[in-house]
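# Commentary on secondary and tertiary structure
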Amino acid sequence: MNNKFYITTPIYYPSGRFHIGTAYTTVLADSMKRYHQLKGEESYLLTGTDEHGQKIEKKAEEVGKTPKEYVDEMAKMAKELWSKMEIEYDDYIQTTEERHEKTVQKIFDKFMEQGDIYKGEYEGWYCIPCETFFTQTQLNDGKCPDCGRKVDLMKEEAYFFNMKKYAEHLLKYYEENPDFIKPEYRKNEMINNFIKPGLEDLCVSRTSFDWGIKVLKDPKHVVYVWLDALTNYITALGYLSEDDTKFKKYWPADLQIVGKDIARFHLIYWPIFLMALDLPLPKTILVHNWIMMKDGKMSKSKGNVIYPETLMERYGLDSVRYFLLREMPVSQDGIFSPEAFVERYNFDLCNDLSNLLNRTVSMINKYFEGNVPAYQGTPNEVDQELEEYALSQIEKFEQKWNDYEIANSIQEIWNLVARTNKYIDETMPWALAKEEETLKLESCMYHLVENLRKIAILIKPFMKDTADNIFRQLGIEEIEQKNWKNLKVYDTIAHSKVIEKGEPIFMRLNAEEEIAFLKDMMKA
Ligand code: MSP
């Protein structure tokens, strides 16, 4: 089936409140889902929480709850946040649900039976916050190479997954499937840093704590959180369960989005588990970089954390979704700063987009009593140029978006916004009105509405409310006119009437005040 698009986010650790970094991955995934849906594909988005492991067990203890009580509460909070951010997920998996646990046990069993998993003894340096074992040489100054915190020496009986057996096969897969890893440089990192130096077998069970899925045939062991967590992408679809309709329909995933810190797990272990299960691999795994602050990583102790609710409550959801996608180049780290947020808000959203809509609505009211003139081709040379420009921007947008250059693709939309604003200055509708050049004036008004219609369709995957607001103010009501299929078409607007008085979609912020406000919020 070609007409489906299955997309996943990582499942988040419910160990604290989600900041804008976590929100970024989810907004990106949701926007991708909406984009494919608008293009007529049957899209399916999975998200959830990763609820086992020592870290969660400790966290629950700290707040005086049982682990299950704690994770259920956190999952509820996560769902509330996603609902505020209008994340249209189709399923939310908690790894403590029975549907997941049972399948993980079956998968573990299957690996044991096949001889992919064997019993041994593990000795290594364990980082609890990262839930990861490291060898001596992997440590950085004796500390965790990922988070820089202290590690503990641990020794225990454990099961291992024979990764070495699949290493060659994985390399071959990388080579034959150029779209498997995006951006491409991540593939080379995996090959050079982990596979070429010799892939180590992965320890996949623990006896030192309890909060996990028990190995059926050896219940003093619990399944290592990463084996447990990674399989969520198929257990949620009903793999190996009585009803596997969704699994048959949606697997393999079309796009799995992960942050750079968990690239290794998704680009090496996950495909190997799938190979061992004899399942097809996801079509693309997209690795994105991080949102940083000017002084490095976001952290409570540094007092530089920003939460999505803070921004949304004050500036509205769409400006946050816009900022996250526009400011974060997927393949490099992006920086959040109050200055950048306020600047994007005031320039891109207010000056450029909101004003374009406002000027258009007010001129159509002034010159044509609110009636959008019909399309009559391009009586002006500048109209012709504008049409060509709009079509080329749409193509550039699609090409970059499909290549996951999200920030750049959005820039292409804003180039069209800027070009349309410039078009008003070039055509000088006020002069056309004075000179009674009616045909040209009609064409000018039509083209303004047409470009705004195109812009609204383009932003809809990530700014749905704003897109709907633009359609409403322009009097564009018919589904066909808002449809992605008709994005490139001219002459779809007939008998539209703009609203009597334009409503600004974004109001200019007082930069100084808002920057001060955001700085305070970051310290709170
Ligand atoms: N539970 C694991 C994932 C298991 S997936 C089978 C996990 N959870 S996490 O909550 O720590 O991180 C979830 C995602 O959030 C990761 O993709 C991570 O990269 C992302 N981010 C965390 N901080 C981030 C930023 N500051 N910026 C962008 N993304 C960030 O890892």
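Look up: the structure comes first, before these words.
My aim in this report is to walk through the structure given alongside it, one point at a time. (Residues numbered from 1 in each chain as written. Predicted model: local features only at pLDDT ≥ 70, side-chain atom pairs only at ≥ 80, totals over all residues. Heavy atoms only, no water.)

### A closer look at the site of the ligand
Around the ligand sit 23 residues, and of these I11, D50, G259, D261 and I291 come closest. A distance of 2.9 Å is found between an oxygen atom of the ligand and a backbone nitrogen or oxygen belonging to G259. At 3.1 Å from an oxygen atom of the ligand is found a side-chain nitrogen or oxygen belonging to W290. Among the elements of the structure, helix 1 (20-38), helix 7 (225-230), helix 8 (232-235) and strand 11 (255-259) are those that each provide at least two residues to the shell around the ligand. Considering each element in turn, the shell around the ligand owes the most residues, three residues, to helix 7. (Near = heavy atom within 4 Å. Polar contact = N/O pair within 3.5 Å; in protein donor to acceptor, adjacent residues only side chain to side chain. Helix = DSSP H or I, 4+ residues; strand = E, 2+ residues; numbered from the N terminus.)

### Some remarks on the side chain of N451
Here N451 is to be found in helix 17 (residues 438-459). The residues contacting N451, other than those within four sequence positions of it, are L386, A390, L416, T420 and Y490. (Contact = heavy atoms within 4.5 Å.)

### With respect to the sheet that holds strand 5 (residues 132-134)
Taken together, four strands build an open sheet; the order of strands is 5-4-6-8 and the sheet is antiparallel. Among the strands making up the open sheet, the edge pair consists of strand 5 and strand 8 (202-203). (Pairing = 2+ DSSP bridges.)

### Looking at the pairing of strand 11
Consecutive residues of a regular strand have side chains that alternate between opposite faces of the sheet. Burial of strand 11 is extensive: five of the five residues sit out of reach of the surface. Of the two faces of strand 11, the one lined by L255, I257 and G259 and the one lined by Q256 and V258 are each fully buried. Sheet analysis places strand 1 (residues 4-8) next to strand 11, joined by two bridges and oriented parallel. Its bridge partner lying in strand 11, T8 is registered against Q256. Strand direction decides the pairing type here: strand 11 and strand 12 (residues 285-288), joined by four bridges, are parallel. The residue of strand 12 that forms the bridge with V258 is V287. (Buried < 20%, exposed > 50% of the residue type's maximum accessible area, 1.4 Å probe, protein only.)

### Points about helix 12 (residues 317-327)
Most of helix 12 sits out of view: ten of its eleven residues are buried. When we look at burial in helix 12, the residues that qualify are L317, D318, S319, V320, R321, Y322, F323, L324, L325 and R326.

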